[in-house]
Amino acid sequence: MRLVIALVIGSIGGVGMWAIVVMIPVVQAEFAATRGAVSLAFTLMMFGFGLGGVIAGKITDRFGIVQAMAISIAFLGVANTLAGLSTQLWQFIAAYFLIGLGTSATFAPLMAEASHWFERYRGLAVTIVASGNYVAGTMWPPIVNWGMQSIGWRTTHIGIGLVCVGLMTILVLVLRAQMGNDTVHDHAKAPPPRVDLKLSTNTLTVLLSIASISCCVAMAMPQVHIVAYCGDLGYGVARGAEMLSLMMGCGIVSRIGSGYLADKIGGIRTLLVGSLAQGFALVFYLFFDSLTSLYIISAMFGLFQGGIVPSYAIIVREAMPASEAATRVGIVIFASVFGMSFGGWVSGVIFDATGSYGAAFANGVAWNALNIGIVVLLLIRSRMGSVRTGPGFAT
């Protein structure tokens, strides 16, 4: 029941990551701004999302997920209202930074908290919670678009804030009741780390952060530019949007499947499988660009990459103390957000310099190779120092 509630919370609270994508054209027209200037709202939202994950993770580790979610709800309600009332573009952009802060608690801290609820099926639980982000990406865009057409983007923002406050408050209260008096997880009674990598928690956090940046730079190329790529090829942006939706839908399957796999073979091996598969799909983009092949490759990419980011949360929980899991997961997810932002930007820069996305895809393959190298290093260390402490873990 806790897991179901957490998934629904993530699906509702993740609205901020997708609403701005739908609203960019109308907001641009409202403020007579450039596309790049309005896109800063997305960039600042992602930065707030990453930074907030670290802050909310620290709050979760110290006070519990209920308190962290309460702060998140307040930010989402106030920030969406401010976005709707904004009279200048800088106010709108600032509001989206606050929306990112509010959204953050519904991802990394919630994944870390769910990892405490399960032992045997921990990997599956973490990836189910992480899927809330993709469910939001499937559910919210048509709702936001309908709202803009019916009541305008300003009122839609205010409505989003009210919906988030109302529904999420009820869900968090139900979650608190489900957790009983143990609203702050007793980390002292949590299972110890399953694998000993012979690394300090700081060193492991740095390595996972670099790996996260690397895989997400590679991941950003298709996710951020597939629509523009299809437009350049003459297929139209509508086809690219369909490919993006297909990619996200397959990503949900991938996330849940990777959790099942992680329970069988461990988080590090699951991350390696996902990273190798992602690199494989990126190579296909280099050689095939027909409409049919791009649909197939995009579906493959979604199936391969969806489970990568949640694998980092699983590894943190397997190799680090429970008392700092949410904070460490937040740091690594912050790194992944930076990788996505940088990857989307640098792919555009490479395209501008070369006039083609071929070099941008090759750049993604190179970053993906760096990720694979780090994961292989961790796998070697895990084979040397892994310890068995409970069911459901394979050394």
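None of the values given here were measured: they were computed from a predicted structure.

1. What about the overall build of the protein?
Line of reasoning, step 1. Along its length, the protein carries 15 helices and 0 strands.
Line of reasoning, step 2. Its C-alpha atoms give the protein a radius of gyration of 20 Å, near enough to 21 Å, the size a compact globule of 395 residues would have.
Line of reasoning, step 3. With the principal axes as the frame, the protein shows a C-alpha extent of 60 × 50 × 30 Å.
Line of reasoning, step 4. For the protein, with 395 residues in total, the buried portion stands at 55%.

2. Here's the deal with the environment of alanine 366
Line of reasoning, step 1. Along the polypeptide, alanine 366 turns up in helix α15 (residues 358–385).
Line of reasoning, step 2. Sequence separation between alanine 366 and valine 217 is 149 residues, and the spatial gap between their C-alpha atoms is 9.7 Å.

3. Remarks on empty space enclosed by the protein
Line of reasoning, step 1. Counted according to the given criterion, the structure contains 2 cavities of 30 Å³ or more.
Line of reasoning, step 2. Empty space within the second largest cavity amounts to approximately 30 Å³.
Line of reasoning, step 3. Residue classes in the lining of the second largest cavity are distributed as 3 nonpolar, 5 polar and no charged.

4. What to know about the domain arrangement of the protein
Accessible area lost during the coming together of the parts is what is often quoted as the interface size.
Line of reasoning, step 1. Each assigned domain of the protein is listed with its residue range as follows: domain 1 (1–185) and domain 2 (189–384).
Line of reasoning, step 2. With centres defined by C-alpha atoms, the gap from domain 1 to domain 2 works out at 22 Å.
Line of reasoning, step 3. Domain 1 puts 34 residues into the contact, and the matching count from domain 2 is 34 residues.
Line of reasoning, step 4. Taken over both partners, the interface formed by domain 1 and domain 2 buries close to 2800 Å², and the fraction arising from carbon and sulfur atoms is 68%.

Definitions and limits used
Residues numbered from 1 in each chain as written. Predicted model: local features only at pLDDT ≥ 70, side-chain atom pairs only at ≥ 80, totals over all residues. Heavy atoms only, no water. Helix = DSSP H or I, 4+ residues; strand = E, 2+ residues; numbered from the N terminus. Rg over C-alpha atoms; globule rule 2.2 N^0.38 Å. Buried < 20%, exposed > 50% of the residue type's maximum accessible area, 1.4 Å probe, protein only. 1 Å grid on protein atoms, 1.4 Å probe; cavity = no way out; pocket = protein on both sides within 12 Å on 5 of 7 lines; lining within 4 Å. Points joined across faces, edges and corners; volume = space filled by probe spheres on them. Nonpolar A, V, L, I, M, F, W, Y, C, P; charged D, E, K, R; others polar. Domains from an automatic or database assignment. Contact = heavy atoms within 4.5 Å. Buried area = accessible area lost by both parts, 1.4 Å probe.

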